[in-house]
2 protein chains.
Amino acid sequence: MKYLIVGGVAGGATTAARLRRVDEEAEIVMFERGRYISYANCGLPYYVGGVIPERERLFVQTPDTFKAMFNVDVRVRHEVRFIDREKKEVVVCNLESGEEYRESYDKLVLSPGAEPVRPPIPGINDERIFTLRSVDDTDAIVHFIEEKKPRRVVIVGAGFIGLEMAENFHSRGLRVTIVELAPQVMNVLDFEMAAEVHQHLKTKNVAFFLGDAVSAFERNGDELRVQLKSGRTLVCDFVLLSIGVRPDSRLAKEAGLELGPRGGIKVNEYLQTSDPDIYAVGDAIEFPNPITGKSMPTFLAGPANKQGRIVANNIVEGNRYTYKGAIGTAIAKVFDLTVASTGMPEKVLKEEGIPHQAVIVHPGSHAGYYPGAQPMTIKLVFSPDDGRVLGAQIVGYEGVDKRIDLLASVIQRKGTVVELTEIEHAYAPPYSSAKDPVNIVGFVAENVLLGKSRHIHWYDILNAPQGEYYLVDVRTPEEYALGTIEGAVNIPVQQLRARIAEIPKDRKVVVFCGVGFRAYVAERILRQHGYTEVFNLSGGYKTYQHVTQ
Amino acid sequence: MKYLIVGGVAGGATTAARLRRVDEEAEIVMFERGRYISYANCGLPYYVGGVIPERERLFVQTPDTFKAMFNVDVRVRHEVRFIDREKKEVVVCNLESGEEYRESYDKLVLSPGAEPVRPPIPGINDERIFTLRSVDDTDAIVHFIEEKKPRRVVIVGAGFIGLEMAENFHSRGLRVTIVELAPQVMNVLDFEMAAEVHQHLKTKNVAFFLGDAVSAFERNGDELRVQLKSGRTLVCDFVLLSIGVRPDSRLAKEAGLELGPRGGIKVNEYLQTSDPDIYAVGDAIEFPNPITGKSMPTFLAGPANKQGRIVANNIVEGNRYTYKGAIGTAIAKVFDLTVASTGMPEKVLKEEGIPHQAVIVHPGSHAGYYPGAQPMTIKLVFSPDDGRVLGAQIVGYEGVDKRIDLLASVIQRKGTVVELTEIEHAYAPPYSSAKDPVNIVGFVAENVLLGKSRHIHWYDILNAPQGEYYLVDVRTPEEYALGTIEGAVNIPVQQLRARIAEIPKDRKVVVFCGVGFRAYVAERILRQHGYTEVFNLSGGYKTYQHVTQ
Ligand SMILES: Cc1cc2nc3c(=O)[nH]c(=O)nc-3n(C[C@H](O)[C@H](O)[C@H](O)COP(=O)(O)OP(=O)(O)OC[C@H]3O[C@@H](n4cnc5c(N)ncnc54)[C@H](O)[C@@H]3O)c2cc1C
Ligand SMILES: Cc1cc2nc3c(=O)[nH]c(=O)nc-3n(C[C@H](O)[C@H](O)[C@H](O)COP(=O)(O)OP(=O)(O)OC[C@H]3O[C@@H](n4cnc5c(N)ncnc54)[C@H](O)[C@@H]3O)c2cc1C
Ligand SMILES: CC(C)(COP(=O)(O)OP(=O)(O)OC[C@H]1O[C@@H](n2cnc3c(N)ncnc32)[C@H](O)[C@@H]1OP(=O)(O)O)[C@@H](O)C(=O)NCCC(=O)NCCS
Ligand SMILES: CC(C)(COP(=O)(O)OP(=O)(O)OC[C@H]1O[C@@H](n2cnc3c(N)ncnc32)[C@H](O)[C@@H]1OP(=O)(O)O)[C@@H](O)C(=O)NCCC(=O)NCCS
């Protein structure tokens, strides 16, 4: 058998390695148009920032090691230009010599990745406007920084990579300004979660302009002027464009393979394209999202790697291994913060009309009595019908990665909030609490699911007409004095039973405290005293402050 | 309704708090014979070590805060002496006044915990022999250390608490010696995993005597002489006895409640004892283990807390919430190491005659190209029939807690190794690799499950007759030169295809490398070249070294 692979990095190289392990006899050729294979895309920002000092560390394998270990014929600087499906051949261009040739296949695997979006903004082709996708891109940025010693960078687009780059440019001493079209950074988060990132960026002196977009770039000597739709002009030495990527499906499209609604290569559960002899993986494909059912691409290395392994199996053993789709579990270090999300944010569920409930908690990363515990915010969205977990977001410091992985694994297997209450985590004081944060968020969500508690959100309060809610701050007088929600009365939870008559029975009552626990105790007291329209402000005053500060 | 609770710490206090939240009207009385309620048992070692400097931090709630917040009548220094099931009353002794009285109940909850095992060894009642279970025990130890300024401690018993105490005594400047009956520390681990802990203890100058036991304690002025069965005598200033605990089921037993085979209180899935008006939780109960089906106690805070919540629900709402049993997920910090386990170790499966396979891997805590990645060892045991995961153990540094939680959650829901290959974790370089360690161990186990790979273990090699296996070290000549398994020939995996004829076809061939990856590639080459009796040494030379060093 002869297998050809287009693309030699995450999806491609993994497919090749696994193919060889399951089929020692086959002929395997891997084409990569770039100079490098098997490199750490995800490490590129950290190489720019100097966190990864040695450039060689970015390369997991080279064509030589790949040949020696896996007996794969790796051809770098070879671009696959066309797929001749009739003949089962590809047309390849040797980018060094310019020469074109054909190579036949029994099975073909496409892992061409994604390409950065570059909208047709005036001035966009200026050489001081960079994108970051490949090693060459990285070298160009590093070279520019070392050569020109710039002081100011504007990052356009505040997604995961944009923010990773903000941190890394900052750590190289650059003055960083971010421009983002959405009213928040990291659009996969809901607003109140992103608000914590906004606060953090401010503490790092990173400037950002949200809800704004670039209307033009103008070069002026060594300066680049970034004109914004709002009329503002930002002056900098160079620009990083990171407004997203789209599946690189040109090759597939020209070969007449079916594409999906989002422009990615359409594949079935075996990761096979509309041509049974052609499989595709990675950023270039789209696949039904397990939560919404909608076909969409996933731009993540984990899924690309796992898909590669499945495809290799299916090619050699026949279609027996299925891919179940990705729920979009992602994480980023943003300066001292860790920001993670999995499944669907609340706003997408709203858009899609999928019934959901949301709760927000602020547990500690480990037992509070053991030194070094740090707060995190967890937002969980779930179905009010059966408690199925639909999404989770976490912003914090230590231990965020652990909890997002646990939550993702529950979402992946269509688990419910009850399952969260049951998770048996490993507990000793340096690592967790007797009730792990994932248990806590499960308890809170279960209480809402079963009607023991009703949560209200910051946006309900902010959007409500004056006087809609009777607001009770159940914290201590000292906490109340330091700041509260306008109009709130103060009845510490410890006094509530004695002072319950002060709370009107004919009003909608919102109780709140610092994070939600004391208000929950208060809510339970009130509810069992005949107050039916009583609500706990989810995430407490802490979340309220994040969005209003 | 009137609810009485015996025991005011993990299980008891949680039950009381939840009871109040679901039943505002009930009368709730919580009896605690000690001076304190709701304290951090798990923090006690760290208070002894000075890691937790303030004693107050150990107390999560006090009787006063509990009254104010939860309207619970907390009676410390009140011991429940007898349960009169006929009359539905308990007999209580006020330990301050000595006075006894009766208190009636509608429902009674037992959470009396466990008691340290104190075998009848000569001299065991010396005042310089401590156990660590309560705040009073802790105060006694701290007081002794501050008063007498001891220099040497012998810890008898090398379980989780024994080792936590080793670290904490060590950090107070004490010279620590450990005596343990088993041939290894931390008996829930398999030997090769414990061997890594042994190595680590040596680097900390902690002395330990394994496979040995105390035959007598002899006091000699300020000195305590610990006589061992082996004939050795250890001289120290005091002893910590931490050889385990047993369920404190005296009260239940005297009331005629059914006990289980291990001496714990027997409960059904609603955590109800053989008397429907009496529930029990925590260290005092036993419950069928979800993996072996055998009834056993679980001495862990997480399960105790979760059980408390279930019991409160069932008492108020009727038996609707079920407990599913604990798989024994535990973790401990042992100096710089983190040691964790969940489910069953291989040795117990062996004893129980449960069919199983084991694999060992040594992945990095996060992407190798990002600074600070640290190695960990993961051992996974699973069923060779359906791939169901039966147990996992991890020893390492960073990120051990995260992986054990993920593995535990898979074991808890009876997941298979295939599920491990599919886990969609959050990946960015500071947190993981594109394939998380849990994926990697899943891949390796799946390969074994499907017959793509066969693993052999260090004990197979050590126990085999001379010449049983043809050993091939597939590492580089440089690595080989630094040390290998006796009798092994060196054929680097990169040369294997060319030199395959050197390997005899009629022998059982064991391939090995540093950790198992290169040997796996070699194994696949050999297997597909007609070598059927070829095995990969699980965990590679690294694990082999751990057990033979
Ligand atoms: C800066 C950066 C940071 C990232 N950080 C993370 C992260 O932290 N976590 C995470 O999960 N994901 C991250 N990603 C995304 C992750 O790298 C991708 O999801 C993953 O690499 C996709 O794998 P792939 O094989 O589909 O594409 P790629 O890895 O991009 O490989 C595609 C390759 O195909 C080659 N190619 C394309 N067309 C042809 C052709 N016609 N002929 C020959 N070769 C061709 C390209 O040159 C390219 O090298 C990051 C990406 C970038 C750029
Ligand atoms: C030093 C130490 C470290 C630990 N570390 C960890 C760890 O890191 N992780 C982990 O998961 N677990 C740990 N544990 C175990 C954990 O603390 C227990 O599993 C948990 O506390 C059990 O809860 P419980 O309610 O059953 O018993 P306990 O919390 O022990 O509470 C029982 C209480 O009942 C009282 N009592 C008993 N009989 C009577 C009576 N007749 N009348 C009145 N009161 C009575 C006792 O005085 C006691 O205070 C540790 C335990 C100790 C001692
Ligand atoms: C590295 C790369 C070439 C693929 O490598 P690989 O040979 O599959 O090896 P990995 O290091 O990922 O390890 C996984 C394999 O080794 C096996 N393995 C790992 N540790 C093992 C051990 N201790 N014992 C036995 N087998 C082991 C696994 O079973 C798996 O093999 P399988 O797929 O046949 O089951 C490819 O993933 C790559 O190019 N990665 C870099 C690019 C990239 O992913 N970029 C995006 C993220 S930055
Ligand atoms: C603290 C203790 C008294 C019980 O407290 P608790 O009132 O259940 O509160 P926790 O802090 O555990 O929080 C859990 C409760 O708060 C709720 N909660 C937590 N955070 C919340 C938030 N932000 N918003 C709303 N509710 C919240 C949870 O839903 C849960 O309530 P529920 O059980 O009614 O659903 C008891 O666990 C205890 O004594 N612990 C110390 C002893 C111990 O466990 N020792 C062993 C380990 S060291």
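Residues numbered from 1 in each chain as written. Chains lettered and ligands numbered in written order. Predicted model: local features only at pLDDT ≥ 70, side-chain atom pairs only at ≥ 80, totals over all residues. Heavy atoms only, no water.

Visitor: Please explain the overall build of chain A as it appears in this structure.
Guide: When you go through chain A residue by residue, the secondary structure sums to 17 helices and 31 strands. For chain A, the C-alpha radius of gyration of 26 Å lies close to 24 Å, the compact-globule estimate for 549 residues. Structurally, chain A occupies a C-alpha span of about 85 × 60 × 40 Å along its principal axes. For chain A, with 549 residues in total, the buried portion stands at 61%. Taking all contacts inside chain A whose residues are at least 6 apart in sequence as the whole, residues at least 24 apart take part in 62%. (Helix = DSSP H or I, 4+ residues; strand = E, 2+ residues; numbered from the N terminus. Rg over C-alpha atoms; globule rule 2.2 N^0.38 Å. Buried < 20%, exposed > 50% of the residue type's maximum accessible area, 1.4 Å probe, protein only. Contact = heavy atoms within 4.5 Å.)

Visitor: Just checking my understanding: could you explain the packing of helix α10 (residues 400-412) of chain A against helix α12 (residues 437-449) of chain A for this structure?
Guide: In a packed pair of helices, the relevant descriptors are the angle between the two axes and the axis-to-axis distance. All names here are of chain A. Across the interface, α10 lies against α12 with an axial gap of 9 Å and an inter-helix angle of 50°. The orientation of α10 with respect to α12, classified from their angle, is oblique. Contacts between α10 and α12 pair Arg403, Leu406 and Leu407 from the former with Pro437, Val438 and Val441 from the latter. For the contact of α10 with α12, the per-class residue count stands at five nonpolar, no polar and one charged. (Axes fitted to C-alpha atoms, helices over the stretch in contact; angles between N-to-C directions. Parallel < 35°, antiparallel > 145°, perpendicular 65-115°, else oblique. Nonpolar A, V, L, I, M, F, W, Y, C, P; charged D, E, K, R; others polar.)

Visitor: What is the right way to look at the interface of chain A and chain B in this model?
Guide: How big an interface is tends to be reported as the loss of accessible area on association of its parts. In this assembly, 83 residues from chain A lie in contact with 83 residues from chain B. With both chains or domains summed, chain A and chain B bury close to 7,300 Å², and 55% of this area falls on carbon and sulfur atoms. Summed over the three residues of chain A that lose the most area to chain B, namely Met69, Tyr369 and Glu424 of chain A, the buried surface amounts to 12% of that side. Where chain A packs against chain B, one counts twelve salt bridges. With its nearest N and O atoms 2.6 Å apart, the salt bridge here joins Arg497 of chain B to Glu24 of chain A. On inspection of chain A and its partner chain B, the count reaches 48 residue pairs in polar contact (both at pLDDT 80 or more). Residues that form the side of chain A that touches chain B fall into these classes: 38 nonpolar, 19 polar and 26 charged. (Buried area = accessible area lost by both parts, 1.4 Å probe. Salt bridge = Lys/Arg side-chain N within 4 Å of Asp/Glu carboxyl O. Polar contact = N/O pair within 3.5 Å; in protein donor to acceptor, adjacent residues only side chain to side chain.)

Visitor: What is the right way to look at the site of ligand 1 in this model?
Guide: Around ligand 1, a shell composed of 30 residues is seen, among which Gly11, Glu32, Ser111 and Asp283 of chain A together with Tyr427 of chain B lie nearest. Residues within reach of ligand 1 are spread across chains A and B. At a separation of 3.3 Å, an oxygen atom of ligand 1 approaches a polar backbone atom of Ala10 of chain A. At 3.2 Å from an oxygen atom of ligand 1 is found a side-chain nitrogen or oxygen belonging to Asn41 of chain A. Contact with the protein chains covers 94% of the free accessible surface of ligand 1, which is 990 Å². If one sorts the elements of the shell around ligand 1 by residue count, strand β4 (residues 78-84) of chain A sits on top with three residues. (Near = heavy atom within 4 Å. Areas by Shrake-Rupley, 256 points an atom, 1.4 Å probe, with all protein chains shown as cover.)

Visitor: What's the story with the sheet that holds strand β13 (residues 214-220) of chain B in this structure? I'm lost.
Guide: In a beta sheet, neighbouring strands are held together by backbone hydrogen bonds and run either parallel or antiparallel to one another. Residue and element names in this part refer to chain B. Reading across from one edge, β13-β14-β15 is the order of the three strands in this open sheet, with antiparallel pairing throughout. Edge positions in the sheet fall to β13 and β15 (233-236), since each has one partner strand and no second. The average undirected angle you get between the axes of adjacent strands in this sheet is 20°. By the bridge criterion, six bridges tie β13 to strand β14 (residues 223-228) in an arrangement that is antiparallel. (Pairing = 2+ DSSP bridges.)

Visitor: I'm lost on the relation of the copies chain A and chain B in this one. Help?
Guide: Here two copies of a chain appear, and what relates them is a rotation about an axis with a shift along it. In screw terms, the move from chain A to chain B is a rotation of 180° and a rise of 0.0 Å along the axis, fitting with an RMSD of 0.0 Å. In symmetry terms, the pair is related by a two-fold rotation axis. Closest approach to the rotation axis within chain A is made by the C-alpha atom of Lys402 of chain A, at a distance of 2.4 Å. (Least-squares fit on C-alpha atoms with pLDDT ≥ 70 in both.)

Visitor: I keep staring at the site of ligand 2 and nothing clicks. Help me out?
Guide: Taken together, 30 residues sit near ligand 2, with Tyr427 of chain A together with Gly11, Glu32, Ser111 and Asp283 of chain B positioned nearest. More than one chain lines the surroundings of ligand 2; the residues nearby belong to chains A and B. Within the backbone of Arg33 of chain B, an N or O atom sits 3.1 Å from a nitrogen atom of ligand 2. With respect to ligand 2, the backbone of Val80 of chain B contributes an N or O atom lying 2.9 Å from a nitrogen atom. Counting only elements with at least two residues in the shell around ligand 2, the list comes to α1 (10-22), β2 (27-32), β4 (78-84) and α8 (301-317) of chain B. Top element by residues in the shell around ligand 2 is β4 of chain B. It accounts for three residues.

Visitor: Could you clarify how one ought to interpret the packing of aromatic side chains in this entry?
Guide: Remark: the centre distance and the inter-plane angle together describe each pair of aromatic rings, the angle taken between the planes. Applying the stated rule across the entire model yields 26 aromatic pairs over all chains. When the ring of Tyr46 of chain A is compared with that of Tyr370 of chain B, the centres are 5.0 Å apart and the planes differ by 90°; the resulting orientation is edge-to-face. On the criterion of chain membership, the pair formed by Tyr46 of chain A in helix α2 (residues 44-48) and Tyr370 of chain B in the loop between β24 (357-361) and β25 (376-382) is interchain, its members lying in two chains. A single burial state applies to Tyr46 of chain A and to Tyr370 of chain B, both of which are buried. (Phe/Tyr/Trp six-rings, centres within 6.5 Å; stacked < 30°, edge-to-face > 60°.)

Visitor: How do you make sense of the pattern of salt bridges when you look at a structure like this?
Guide: Note on pairing: side chains with opposite charge can pair once their charged atoms come close. This structure, assessed with the given rule, holds 94 salt bridges over all chains. Residue Lys294 of chain B is joined to Glu352 of chain B by a salt bridge in which the shortest nitrogen-to-oxygen separation is 3.2 Å. Of this pair, Lys294 of chain B sits in the loop between β20 (285-288) and β21 (295-297) while Glu352 of chain B sits in helix α9 (residues 346-352), placing them 58 residues apart in sequence. Residue class for Lys294 of chain B comes out partly exposed when judged on its relative accessible area of 46%. Looking at Glu352 of chain B, the relative accessible area reads 31%, which means it is partly exposed. Each of Arg33, Glu79, Arg81, Glu100 and Asp248 of chain A takes part in one network of salt bridges that share partners.

Visitor: Help me understand the side chain of Thr292 of chain B, please; the structure alone is not making it clear to me.
Guide: All names here are of chain B. With respect to the secondary-structure elements, Thr292 resides in the loop between β20 and β21. Engagement of the side chain of Thr292 in a polar contact is seen with the backbone nitrogen of Lys294, the distance being 3.1 Å. Residues within four places of Thr292 in sequence aside, it is in contact with Met344 and Ile354.

Visitor: Help me out: how do you make sense of the environment of Ile28 of chain A in this one?
Guide: All names here are of chain A. Of note, Ile28 is situated in strand β2 (residues 27-32). What makes Ile28 buried here is its relative accessible area of 2%. Taking the C-alpha atoms as reference, Ile28 lies 28 Å from Arg246; in sequence the two are 218 residues apart. With near-sequence residues (within four places) excluded, Ile28 lies in contact with Tyr3, Ile5, Ala16, Leu19, Arg20, Val72 and Asp73.

Visitor: Any chance you could explain the environment of Asn187 of chain A here in plain terms?
Guide: All names here are of chain A. Relative to the elements of secondary structure, Asn187 occurs in the loop between β11 (175-180) and α6 (191-203). With a relative accessible area of 44%, Asn187 lands in the partly exposed category. For the pair Asn187 and Ser230, spaced 43 residues apart in sequence, the C-alpha separation works out to 20 Å.

Visitor: Is there a simple way to think about the confidence of the model for chain A in this case?
Guide: Interpreting fine coordinate detail is not advised for predicted regions of low pLDDT. All names here are of chain A. In the predicted model, chain A carries a mean pLDDT of 98, and 100% of its residues have values of at least 70. Averaged pLDDT values for the elements of chain A fall to 96 in strand β8 (residues 114-116) and rise to 99 in strand β19 (residues 278-280). For this predicted complex, the interface score ipTM comes out at 0.98, while the overall pTM is 0.98. (pLDDT = per-residue confidence, 0-100.)

Visitor: Sorry, what's going on with the packing of α6 of chain A against helix α17 (residues 540-548) of chain A here?
Guide: Residues and elements named next belong to chain A. Running from N to C, α6 and α17 cross one another at 70°; their axes reach a closest spacing of 8 Å. With respect to their mutual orientation, α6 and α17 come out roughly perpendicular. Note that α6 runs across α17; the crossing there is left-handed. Touching Phe191, Glu192, Ala195, Glu196 and Gln199 of α6 are Thr543, Gln545, His546 and Val547, all from α17. Per-class residue counts for the contact of α6 with α17 are three nonpolar, four polar and two charged. (Left-handed = near helix turned anticlockwise from the far one by under 90°.)

Visitor: Even after reading the chapter, I still don't get the nonpolar core, so can you show me in this structure?
Guide: Across soluble globular proteins, nonpolar side chains show a tendency to be buried alongside one another. Grouped together as the largest cluster of nonpolar side chains are 71 residues, with contacts concentrated most on Leu380 and Leu407 of chain A together with Leu380 and Leu407 of chain B. For Leu380 of chain A, the contacting residues outside a window of four places in its chain are Gln357, Ala358, Val359, Val389, Gly391, Ala392, Leu407, Val417, Leu420, Val441 and Ala445 of chain A. (Core = buried A, V, L, I, M, F, W, Y, C linked by side-chain atoms within 4.5 Å.)

Visitor: For this particular structure, what's the right way to read the environment of Pro375 of chain A?
Guide: You can see Pro375 of chain A is positioned in the loop between β24 (357-361) and β25 (376-382). Once residues lying within four places of it in the same chain are set aside, the contact partners of Pro375 of chain A are Pro363, Gly364, Gly396, Tyr397 and Lys542 of chain A.

Visitor: Sorry if this is basic, but what is going on with helix α10 (residues 400-412) of chain B here?
Guide: For an α-helix, the turn length of 3.6 residues means that residues three or four places apart are oriented alike. Residue and element names in this part refer to chain B. An ideal rise of 1.5 Å per residue puts 18 Å on 13 residues; α10 measures up with 18 Å between its terminal C-alpha atoms. In terms of residue burial, α10 counts as a mostly covered element, since twelve of its 13 residues are buried. By the burial criterion, the buried members of α10 are Val400, Asp401, Lys402, Arg403, Ile404, Asp405, Leu406, Leu407, Ala408, Ser409, Val410 and Ile411. Positive backbone phi, at 60°, marks Lys414, one or two positions downstream of α10. (Expected span 1.5 Å × (residues − 1).)

Visitor: What am I meant to see in unusual backbone geometry here?
Guide: If a residue is not glycine, its phi is most likely negative; likewise, a peptide bond is most likely trans. At Phe335 of chain A, a residue that is not glycine, the phi angle is positive and equals roughly 55°. With respect to the helices and strands, Phe335 of chain A occurs in the loop between β22 (330-334) and β23 (337-343).

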